[in-house]
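# Survey of secondary and tertiary structure
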Amino acid sequence: MGSNLNDLHIAVVTSYPPSKGSLNEYGFYFVDALRKHSDVRRLSVIADAPSPREPFVDRVWEFNSPSNPVKIQKALRRLRPDAVIYNLQFASFGDRRVPAALGLLSPFLSRLSGLPTLTLLHNIFETVDLKKAGFGEKPWVEWITRRFGELFTRLLLQSDLVATTMPRYVDILRKKYKCEHVFLAPHGTLKPPLPVQALPEIPTVMAFGKFGTYKKVEVLLEAHKRLLEKNPQVRLVVAGSDSPNAIGYLAGVQARYKDLPNVTYTGYVAEEDVPKIFYDATVVAFPYNSTTGSSGVLHQAGEFGRAAVMPKLGDLADLVDEEGYKAVFFEPEDAESLADALWPLIAKPEEAYALGEWNHRVASGLLLSEVIDWYILHLQEVIRRKHARQ
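Okay, so let's go over this structure. Since this is a predicted model, take the numbers as computed values, not measurements. (Residues numbered from 1 in each chain as written. Predicted model: local features only at pLDDT ≥ 70, side-chain atom pairs only at ≥ 80, totals over all residues. Heavy atoms only, no water.)

Check the secondary structure of the protein and you find 15 helices and 13 strands. Against the 2.2 N^0.38 benchmark of 21 Å for 390 residues, the protein shows a C-alpha radius of gyration of 21 Å, consistent with a compact globule. By principal-axis analysis of the C-alpha atoms, the protein measures approximately 70 × 50 × 45 Å. Within the span of the protein, comprising 390 residues, buried residues form 58% of the whole. A separation of at least 24 residues holds for 74% of the contacts in the protein among residues at least 6 apart in sequence. For the protein, the accessible area works out to roughly 16700 Å², and carbon and sulfur atoms hold 54% of it. Taking the 46 positively charged and 45 negatively charged side chains of the protein as two groups, their mean positions are separated by 7 Å. (Helix = DSSP H or I, 4+ residues; strand = E, 2+ residues; numbered from the N terminus. Rg over C-alpha atoms; globule rule 2.2 N^0.38 Å. Buried < 20%, exposed > 50% of the residue type's maximum accessible area, 1.4 Å probe, protein only. Contact = heavy atoms within 4.5 Å. Areas by Shrake-Rupley, 256 points an atom, 1.4 Å probe, with all protein chains shown as cover. Lys, Arg positive; Asp, Glu negative; His and termini not counted. Charge placed at Lys NZ, Arg CZ, Asp CG, Glu CD.)

Following this line, the structure appears as structure tokens:
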């Protein structure tokens, strides 16, 4: 381990494009911002497979592999970084319970080996509706999952530092788990926003994400029926793929609504195609019935200057209240309420444009590259303390 705190070698464990794993897009921009930081000499990525080789990316772990902790620790011993950052949510390593749980042992093992370890948690069990997220199909299964969730939360909190994207998460971890080494690291806008572009000529509603658990498009399709009665030109774009916990969901929905006109299903959206998906939309809809963390899609709506229509619940409500985004709200799982929220923005595109401009200003106020400064400062302090004890 080097001793120069302004010349760091940092490893990041994350899902990374072209992988389609959870947090892959955030991992891409997180790594990019770290690589550009003046105090980082070298950046190594320990990512999921398979994909092409990159000079700084080691593809050593696989989704749903129970051997991931061993593979990750082996890679860290070979790379010998000054510190490691884990970019995680609770299903990062698998959608099956055993490999998902075993993967979450990795930060604990890194800390145990003496390597300065920081874990970024994008969600916590206490705020996740397990049934809607696909992990609580029966009451006793949900109860066991929550108990194990608490156990693995305690293991994750053994990291030298824990970062979360939401103030409420910080409060919960400090009060329930007595964790004093947790700090707030806002999601941040992934890249500097470009100027707001004009809205498309044809009114278009777009939803973006991984669907089938707490993101259900049926309510959006039913709302689309109501909007078509008012304007037959309205388009709906469902951009994204199935959630790992709901494989086949979108194909089933598409079959049931095959006669509904003006609906496009894009499938997986590659990183380079994301801007077009947003710029081709009049408004971004959030057909959620619960939340599982800070919303990357809301930050992207701000980045690309688009209005948002969403239910006022959980982490979405927190983001609006705490970061300053604006949205039009509807009742969760209520198609009529959703249609009523969407229609004014479709009928008066100038209102949609004004909301998009507001969100663009908010997104421009805190970039991920600025949040990275907080990570570096915290890591430098941990490394300094470890050096002092040696």
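Next, the rest of the story.
This part takes up the sheet that holds strand β7 (residues 182–184). Pairing is parallel in the open sheet, where seven strands are placed in the order β3-β2-β1-β4-β5-β6-β7. Each edge of the open sheet is held by one strand with a lone partner, namely β3 (57–61) and β7. In this sheet, neighbouring strand axes are inclined to one another by 25 degrees on average, regardless of whether the strands run parallel or antiparallel. Where strand β5 (residues 117–121) lies against strand β6 (residues 161–164), four bridges are found, and the strand directions are parallel. The residue of β6 that forms the bridge with leucine 120 is alanine 163. Contacts from helix α2 (residues 68–79) reach β1 (8–14), β2 (40–48), β3 and β4 (83–88) within the one sheet, and its direction differs from that of β3 by about 150 degrees. (Pairing = 2+ DSSP bridges. Axes fitted to C-alpha atoms, helices over the stretch in contact; angles between N-to-C directions.)

Residues Leu161 and Ala163 point to one face of β6 and Val162 and Thr164 to the other, with burial holding for every one of them. The pairing of β6 with β7 spans three bridges and is parallel. The residue of β7 that forms the bridge with alanine 163 is phenylalanine 183. One crossover worth recording links β6 to the parallel β7 by way of helix α7 (residues 167–177), and it is right-handed. (Right-handed = clockwise from strand over helix to strand, strands pointing away.)

Among the nonpolar cores identified, the biggest contains 59 residues, and Ile46, Met206, Phe278 and Phe286 are the most heavily contacted of them. Here methionine 206 is in contact with Val237, Ala239, Ile277, Phe278, Ala281, Val283, Val284 and Ala285, once residues within four sequence places are set aside. In terms of nonpolar packing, the next biggest core, distinct from the first, is built from 36 residues, Val217, Val234, Val253 and Ala307 among them. (Core = buried A, V, L, I, M, F, W, Y, C linked by side-chain atoms within 4.5 Å.)

Moving on, we get to the pattern of salt bridges. If you walk through the whole model with that rule in mind, you get 13 salt bridges. Across the pair aspartate 160 and lysine 386 runs a salt bridge whose closest N-O atoms are separated by 3.6 Å. Linking aspartate 160 in the loop between α6 (139–156) and β6 with lysine 386 in helix α15 (residues 368–389), this pair joins segments that are 226 residues apart in sequence. The same class applies to aspartate 160 as to lysine 386, namely buried. (Salt bridge = Lys/Arg side-chain N within 4 Å of Asp/Glu carboxyl O.)

This part takes up helix α12 (residues 314–323). Think of an α-helix as 3.6 residues a turn; residues three or four steps apart then line up on the same face. By the burial criterion, the buried members of α12 are Asp315, Leu316, Ala317, Asp318, Leu319 and Val320. In this fold, the buried residues of α12 make contact with α7, α11 (296–303), β12 (307–311) and β13 (328–330). Immediately beyond the C-terminal end of α12, within one or two residues, lies glycine 324, with a positive phi of roughly 95 degrees.

Turning our attention to the side chain of glutamate 303. As for its position among the elements, glutamate 303 is in helix α11. Of the side chains with opposite charge, lysine 191 comes closest to the buried, unpaired glutamate 303, at an N-O distance of 4.1 Å. Here glutamate 303 is in contact with Thr189, Leu190, Lys191, Pro193, Leu194, His360 and Ala363, once residues within four sequence places are set aside.

Below, the discussion takes up the packing of aromatic side chains. The tally for this structure, following the rule as stated, stands at 13 aromatic pairs. The interplanar angle of 80 degrees and the centroid separation of 5.2 Å between the aromatic rings of tyrosine 279 and phenylalanine 304 together place this pair among those described as edge-to-face. Placement of the pair is tyrosine 279 in helix α10 (residues 274–279) and phenylalanine 304 in the loop between α11 and β12, with a sequence separation of 25 residues. Note on accessibility: tyrosine 279 and phenylalanine 304 belong to one class, buried. An aromatic cluster is present here, built from Tyr16, Phe28, Tyr29 and Phe56 joined pairwise through their rings. Lying across the ring of phenylalanine 56, arginine 35 places its NZ or CZ 3.9 Å from the centre. One cation-aromatic arrangement involves lysine 326 over tryptophan 358; the distance from NZ or CZ to the ring centre is 3.8 Å. (Phe/Tyr/Trp six-rings, centres within 6.5 Å; stacked < 30°, edge-to-face > 60°. Lys NZ or Arg CZ within 6 Å of the ring centre and 35° of its normal.)

Helix α14 (residues 349–365) packs onto helix α13 (residues 335–347) with a crossing angle of 100 degrees between their chain directions and a minimal axis gap of 4 Å. Considering the angle they form, α13 stands roughly perpendicular to α14. Across the interface between the two elements, Pro344, Leu345, Ile346 and Ala347 from α13 touch Pro349, Glu351, Ala352 and Leu355 from α14. Of the residues assigned to the contact of α13 with α14, the class counts are seven nonpolar, no polar and one charged. (Parallel < 35°, antiparallel > 145°, perpendicular 65-115°, else oblique. Nonpolar A, V, L, I, M, F, W, Y, C, P; charged D, E, K, R; others polar.)

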